[in-house]
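Examination of the molecular architecture
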Amino acid sequence: MVEKIKMYRFGFRLEKPFVIALGAIPSVEVAIVVIEDDKGRFGIGEACPSWRITGETIDTAIGSLEALAPMLLGEDPLRIGYLVERMDSALLGNPSAKAALDIALHDLAGKILGVPVWKLLGGHSPGPVSTDYTVGIDEPEGMAQEAARLVEEGFREIKVKVGEDPERDLERVRAVRKAVGDGITIRIDANQGWSPQEAVWVLREMEPFRVQLVEQPVPFWDLEGLRYVRERSPIPVMADEAVHSPRDALRAIRAGAVDYINIKLMKAGGLHRAKEIAAISRAAGVANMIGSMVETDIGATAAVHFALSEGNVRFRDLDTGTDPNSFLIAEGGSYIEGGMRYLRDPEAPGLGIKGIREELLEPVAEYRR
Ligand code: MN
């Protein structure tokens, strides 16, 4: 039974600001929740709000958690589907706050049952799994150098941020392909930066550089535009900002607007809804990517478990939680090495997070039954 829920804030500055078509991200603020049961077992979760994408700030996420957390007190933490539905009926939207509680419930449930979350959710693979690493928007030459450095580190898949200006974006992709050679997978993400017409032009021009897929070429609200691009582009189209929930996924698939869908726990509202998006996608023959916001290693570890649980996840963008300033896990969790993501202990119950650096966290609230 859920006995106690603790809520914290944590802010970190990135060593290098992350630049995408939507703007620069110099620093991040997250909320961390710890759900404790009546036997002293605990589950950890993270809310990483993104005002650009989910419309949440750290303050609104904490406000949502203040409304949602008390609803879980006294409840059976194994009834996750029921609790997720209760949260959705109590408050529309606010998916990162819901994700924090959903992730913490899965961690706790795994510990109660003695199984890791990736097995609790389907058990596709114990890992390790390959992941891409993202090169943020910069001068083409700087991006090419960064991509070459990542390949040297062992990454075989590079995600290139574009969407600033079609002509320069073409130069970016040309420079990166030249720097990494033929054997490396390149995928690109325009973060809504092009019009449908610009997207069709630039994607056709990019064909010789063998781009695996393009994420969100057009604004999130323009499903017709996404379909227009998909029907004319030689490069497959993936929805990211256009699909948050299972309903969004169904709508995008019905509209014929997507080849692939990028799932993020912070858009979906956690692991439970993320699995539903994967089920809808699989039924439609649409493969998924697992991505993330700029999160701490707690959110990153939850995303790794999702990736390992689910066979429909074909693309992994699991480079989050790798900035040293974002490390909250003291023991356990996951790590990146040689272009692969590993769980430190794939058989550890729950998320396998054995301790967090609580001294870095600012306590915000505590709820007891
Ligand atoms: Mn994206």
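All of the points below concern the structure found in this document.

**Brief notes about the coordination of the manganese ion**
Donor atoms from the polypeptide that bind the manganese ion are D189 (OD), E215 (OE) and D240 (OD), placed at 2.1 to 2.2 Å. Along the chain, the residues that donate to the manganese ion are spaced as D-x25-E-x24-D. Here the residue E215 occupies a position in strand β8 (residues 211–215), and D240 occupies one in the loop between β9 (237–239) and α9 (246–254), the gap between them amounting to 25 residues.

**Remarks on the side chain of K267**
Of note, K267 is situated in helix α10 (residues 265–268). Sequence-distant contacts of K267, defined by excluding residues within four places in its chain, comprise I53, T54, P95, D240, E241, V243, H244, N262 and M293.

**A look at the pairing of strand β10 (residues 260–264)**
For β10, a buried count of five out of five residues is recorded, marking the element as mostly surrounded by other parts of the structure. The alternating pattern of β10 places Y260, N262 and K264 on one face and I261 and I263 on the opposite face, and all of these are buried. In this sheet, β10 lies alongside β9 in parallel orientation, the contact comprising two bridges. Across the sheet, A239 pairs through a bridge with I261, a residue of β10. Running through α9, the crossover from β9 to the neighbouring parallel element β10 is right-handed. Of the strand pairs in this sheet, β10 and strand β11 (residues 287–291) are connected by five bridges, and their pairing is parallel. From the neighbouring strand, N262 faces β11, where its bridge partner is M289.

**Quick look at the packing of helix α6 (residues 166–180) against helix α7 (residues 196–205)**
Between α6 and α7, whose axes approach to 10 Å, the crossing angle comes to 25°. One way to sum up the angle between α6 and α7 is to call them roughly parallel. For α6 against α7, the interelement crossing comes out right-handed. Contacts from P166, E167 and L170 of α6 reach α7 at E198, W201, V202 and E205. In terms of residue class, the contact of α6 with α7 is made up of four nonpolar, no polar and three charged.

**Thoughts on the sheet that holds β8**
Strands sit in the order β5-β6-β7-β8-β9-β10-β11-β12 across an open sheet of eight strands; the sheet is parallel. Edge positions in the open sheet fall to β5 (133–135) and β12 (313–316), since each of these has one partner strand only. Averaged over all pairs of adjacent strands, the angle between strand axes in this sheet comes to 30°, irrespective of strand direction. Note: strand β6 (residues 157–161) against strand β7 (residues 185–189), five bridges, orientation parallel.

**Quick look at the nonpolar core**
Ranked by size, the top nonpolar core spans 85 residues in total, and within it I188, W194, L203, M206 and F306 carry the most contacts. In terms of residue count, the dominant contributor to this core is helix α12 (residues 297–309) (seven residues). Once you skip the residues sitting within four places of it in the chain, M206 turns out to touch D169, L170, V173, I188, W194, V211 and I235. In terms of nonpolar packing, the next biggest core, distinct from the first, is built from 27 residues, A47, L68, I80 and M87 among them.

**Some words on the environment of I35**
On the secondary structure map, I35 appears in strand β2 (residues 23–37). Ignoring sequence-local partners within four residues, the contact set of I35 consists of V2, K4, I5, R41, F42, G43, L72, L101, A104, L105 and L108.

Each value, and the rule that gives it
All residue numbers refer to position in the chain's written sequence, counted from 1. Totals for whole chains, interfaces and linings use every residue, but because this is a predicted model, local features are given only for residues with pLDDT of at least 70 and side-chain atom pairs only at 80 or more, for both listing and counting. Hydrogens are left out, water is left out, and the side-chain values use all remaining heavy atoms of the structure. Each metal site is built from N, O and S donor atoms within 2.8 Å (3.2 Å for Na, K and Ca), and since water is not included, such sites may look incomplete. Going along the chain from the N terminus, every DSSP run of H or I of four or more residues is numbered as a helix, and every run of E of two or more is numbered as a strand. Contacts are assigned to residue pairs with any non-hydrogen atoms lying within 4.5 Å of each other. Burial status follows relative accessibility: with a 1.4 Å probe on protein chains alone, a residue under 20% of its type maximum counts as buried, one over 50% as exposed, and anything between as partly exposed. Strands were regarded as paired on the criterion that DSSP finds at least two bridges between them. For the handedness criterion, the strands are oriented away from the viewer, and a crossover whose path from the first strand over the helix to the second runs clockwise is classed as right-handed. Helix axes use the C-alpha atoms of the stretch in contact, all axes being lines fitted to C-alpha atoms, and the angles between their N-to-C directions lie in the range 0 to 180 degrees. Oblique is the label for any angle not covered by the other classes, which are roughly parallel (under 35 degrees), roughly antiparallel (over 145) and roughly perpendicular (65 to 115). Should the near helix be turned anticlockwise from the far one by less than a right angle, the crossing is left-handed, and should it be turned clockwise, the crossing is right-handed. For this classification, the nonpolar set comprises Ala, Val, Leu, Ile, Met, Phe, Trp, Tyr, Cys and Pro, the charged set comprises Asp, Glu, Lys and Arg, and every other residue, Gly included, is treated as polar. For the purposes of this section, nonpolar cores are sets of buried Ala, Val, Leu, Ile, Met, Phe, Trp, Tyr and Cys residues that join through side-chain atoms within 4.5 Å.

What is shown is where atoms sit, not what they do.
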